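Listed below, chain by chain, are the residues.
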Amino acid sequence: MKNLGIWGLFLLTSCVLNSQDYRYNFANSSSSQLNPALIGAFEGDFKIGLQYRNLFGTLLQEDAFKGYSIAVDYKKSDQRGNFMGWNIGAHQNNHPRSNFQKSEIMVGFAYHKKIASSNRSNSHYLTAGFQAGIGQHRLKTNQLWFSNQWDIDTERINLDIQNGENWAARTSSLFPDFQAGILWTGVFNKDFSAYLGGSGYHVAQPNISLFEGNTYQLERRWVLHGGLNYYFNKNIGVLPSFIWMNQSYGTSLTLGNYLTFKGNGYDEIGFRLGAFLHQSNYWTGRLRPESMAVAVMIQRDPIQFGVNYEFTISELSAVNQGRGAVEFQLILVFKNSENKIKYPSISF
């Protein structure tokens, strides 16, 4: 029965992988995967973000779905308060049993235009960002078995039997990929700021078919996201946010909030506690709760470290016993003392 449940989990998850991009809960460590306009959207001059996600690891163990990402951002301002951001990032996710891999490397640029400012603690920016790069989907079929390879005599899978499949290719050719986004950010005073953005991914809908001569276009992904920063005093605040996504027939909505505690100086330790509800329309055609995530983040400049665990609360919990994904992030932000740009804390 356990094996049946595991294979059911493979089947259900593979359907998601067929049409959806990989989803990280910690979107701010590689924020350009959420919106290219977020390139350079941080207080500092140079940022490095590392991320690791393990989906169903406690159930599938070595066969868990895994994701990795790295991103490097750099920004520079001009004398009028505008600034530019540059980014290079890579991410990969895979399933070890079939060795199916999705890989991508992107470079990006964003221009942040100051559209209003009365003083240093009150400013608004409008941003446009772009990314371009290459991707690849890879599948090693020698680790897969098919119904033709069921040996009736031994009642076992026999990989020496021909599988009867006509595989014209083992990996897809490299495909170009493009994304773009816009972002508004506003700092109203030292205690209140807000942001709202939208983006489009796989704008050219590249061909990602694993078979030579076939066409299977990668569906565009549309994103709308936003949030608020409100501090009750100089140490305690709340950071509510939302992320809405649509790709092909799939739509999701994530709602959540961080309670943040920060010290008074550069060397002080701060931390955040967060809870998030993820909803999707995968099963019923309408948005329904799919998972809950809790997050803990600790920060002492220039280091920020976070751990996130996601619990399954949909019907899938009957198969995976409510287990989900664990995610880790590490961010390094380096600041120039001459940089006086005030920016909202964009957190997911």
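Everything discussed here concerns the structure shown above.
Structural notes, computed from the coordinates.

### Details of the environment of Gln217
Inspection of the secondary structure assignment puts Gln217 in the loop between strand E9 (192–201) and strand E10 (221–231). Taking relative accessible area as the criterion, Gln217 reaches 42% and is therefore assigned partly exposed. Through-space distance from the C-alpha of Gln217 to that of Pro206 is 5.4 Å; in sequence the pair is eleven residues apart. Contacts of Gln217, omitting those with residues within four sequence positions, involve Gln205, Pro206 and Asn207. Engagement of the side chain of Gln217 in a polar contact is seen with the backbone oxygen of Gln205, the distance being 3.4 Å.

### A word on unusual backbone geometry
Of the consecutive residues Asp301 and Pro302, the connecting peptide bond is found in the cis state with omega at 5°. Topologically, Pro302 is positioned in the loop between strand E14 (288–300) and strand E15 (303–312). You will see that Gln205, though not glycine, has its phi angle at about 45°, which is positive. Position of Gln205 relative to the elements: it lies in the loop between E9 and E10. Backbone geometry at Ser248 places phi at a positive 55°, although glycine is not the residue there. In this structure, Ser248 sits in the loop between strand E11 (236–247) and strand E12 (250–261). Looking at Ser248, the relative accessible area reads 27%, which means it is partly exposed.

Parameters at a glance
- Residues numbered from 1 in each chain as written.
- Predicted model: local features only at pLDDT ≥ 70, side-chain atom pairs only at ≥ 80, totals over all residues.
- Heavy atoms only, no water.
- Helix = DSSP H or I, 4+ residues; strand = E, 2+ residues; numbered from the N terminus.
- Buried < 20%, exposed > 50% of the residue type's maximum accessible area, 1.4 Å probe, protein only.
- Contact = heavy atoms within 4.5 Å.
- Polar contact = N/O pair within 3.5 Å; in protein donor to acceptor, adjacent residues only side chain to side chain.

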